[in-house]
Amino acid sequence: MSSTAPRAFLSARPRSTRARSLAPALLLALTAPVLAGCADNGRAEPAPESTSEAPATPTAEPSVGTGEYPRYVALGDSYTAAPLVPETDPSDGCLRSTGNYPSLVAEAFEGTALADVSCSGADTTSLIGVQRTFDGAAQPAQLDAVTEDTSLVTLSIGGNDFGLFSALVGGCAQLAQTDPDGSPCTDVGVGESTEVLAKIEQRVASVVAGIRDRAPDARILVVGYPQIVPQGKESCDALPLAAGDLPFARTVNEGLADALAEGARRAKAEHVDVYALTEGHDICSDDPWIAGRDTVPGQALAFHPFAAEQQAVAEEIVRILRG
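Everything in this summary refers to the structure shown in the same document.

## Points about the overall build of the protein
The helix and strand inventory of the protein stands at 9 helices and 9 strands. Residues counted as buried form 54% of the 323 residues belonging to the protein. Of the contacts made within the protein by residues no fewer than 6 positions apart, 74% connect residues no fewer than 24 positions apart.

## Focus on the state of the cysteines
Within this structure, the stated rule accounts for 3 disulfides. Each sulfur of the disulfide joining cysteine 94 and cysteine 119 lies 2.0 Å from the other. Handedness of the cysteine 94-cysteine 119 disulfide follows from its S-S torsion of about -85°: it is left-handed. Here cysteine 94, found in the loop between strand S2 (88-89) and strand S3 (96-97), pairs with cysteine 119, found in the loop between strand S4 (113-116) and strand S5 (131-132); they are 25 residues apart in sequence, far enough to count as distant. Put simply, cysteine 172 and cysteine 185 are joined by a disulfide, and their sulfur atoms are 1.8 Å apart. One end of the pair, cysteine 172, is in helix H5 (residues 164-176); the other, cysteine 185, is in helix H6 (residues 184-214), and 13 residues separate them in sequence. With respect to burial, cysteine 172 and cysteine 185 carry one shared label: buried.

## Notes on the nonpolar core
Val73, Leu75, Leu155, Ile200, Ile211 and Val222 are the most contacted members of the largest nonpolar core, which has 51 residues in total. When residues of this core are traced back to their parent elements, those giving at least two are strand S1 (71-76), strand S7 (152-156), H5, H6, strand S8 (219-223) and helix H7 (246-266). In terms of residue count, H6 provides more of this core than any other element does, 9 residues in total. Aside from chain neighbours lying at most four places away, what touches isoleucine 200 is Gly158, Asp161, Phe162, Leu164, Leu256, Ala259 and Leu260. Counting residues in hydrophobic clusters, the runner-up holds 20 residues, among them Tyr69, Tyr101, Ala106 and Val313.

Parameters at a glance
Residues numbered from 1 in each chain as written. Predicted model: local features only at pLDDT ≥ 70, side-chain atom pairs only at ≥ 80, totals over all residues. Heavy atoms only, no water. Helix = DSSP H or I, 4+ residues; strand = E, 2+ residues; numbered from the N terminus. Buried < 20%, exposed > 50% of the residue type's maximum accessible area, 1.4 Å probe, protein only. Contact = heavy atoms within 4.5 Å. Disulfide = S-S within 2.5 Å. Core = buried A, V, L, I, M, F, W, Y, C linked by side-chain atoms within 4.5 Å.

And the structure:
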């Protein structure tokens, strides 16, 4: 691979390309029970592009409950949707789990009606425009779910903007194969990462402003990203980075968490510090809350949260709401 590979991660890419790149892993994981008799290294082909331009009808329930938070809207990407955490619905391409943190938070408050429109592969543009999912389906803008009677909104977005996440766990891992003892990802990505993270911060603040315009009385919580990269001096097989790229990867991981925290502060929203919450549970830890490079069927998609992480995030959100 050329040394410019991570730059494709740190620059804008068409969403359809990003969505299609998820297809082989997702399809293989979701059809694991059917393919149980096949070889472990089998590959599923990407789903064909949808021929329809009309967005899919939202599956989230739009009703209003009678509790402290009658209408709760969850916005976000796959770290909110939690693909493959039981039980995951593959029908609309968003891969939302009924065990994700929005579902657990809603269960903790009697009389709360949840509209979970989080979607795997989403970035901040998915909040205001149509998103193409990995199977080619069109999802409506997530902000369409935020109505004037919404009383609670959680937002976790930004990791897919400018291809940041895929560059960190995909592009950097691929470059490590060319120079395992060096710092190939750092050498080409360090200059751009600061600018990208600043743009994500601004986008998060703008999204919060858009939420407030639509639901002026809603309580808004910006939910950060977990600690993926270990704090030590070495990586592991589950996170195959070059020896010299670990500090850079850690900086980007922490920088993304900081971007959401600062975006929340600028927009005067509350912040859920998931990075601090997941300390000691990175991919290389003895008790990882994030899957490594291998998908764990029925538990977590590669480089995505396990149920334990979603449970911990839900408990922290509930603590903040009840505090």
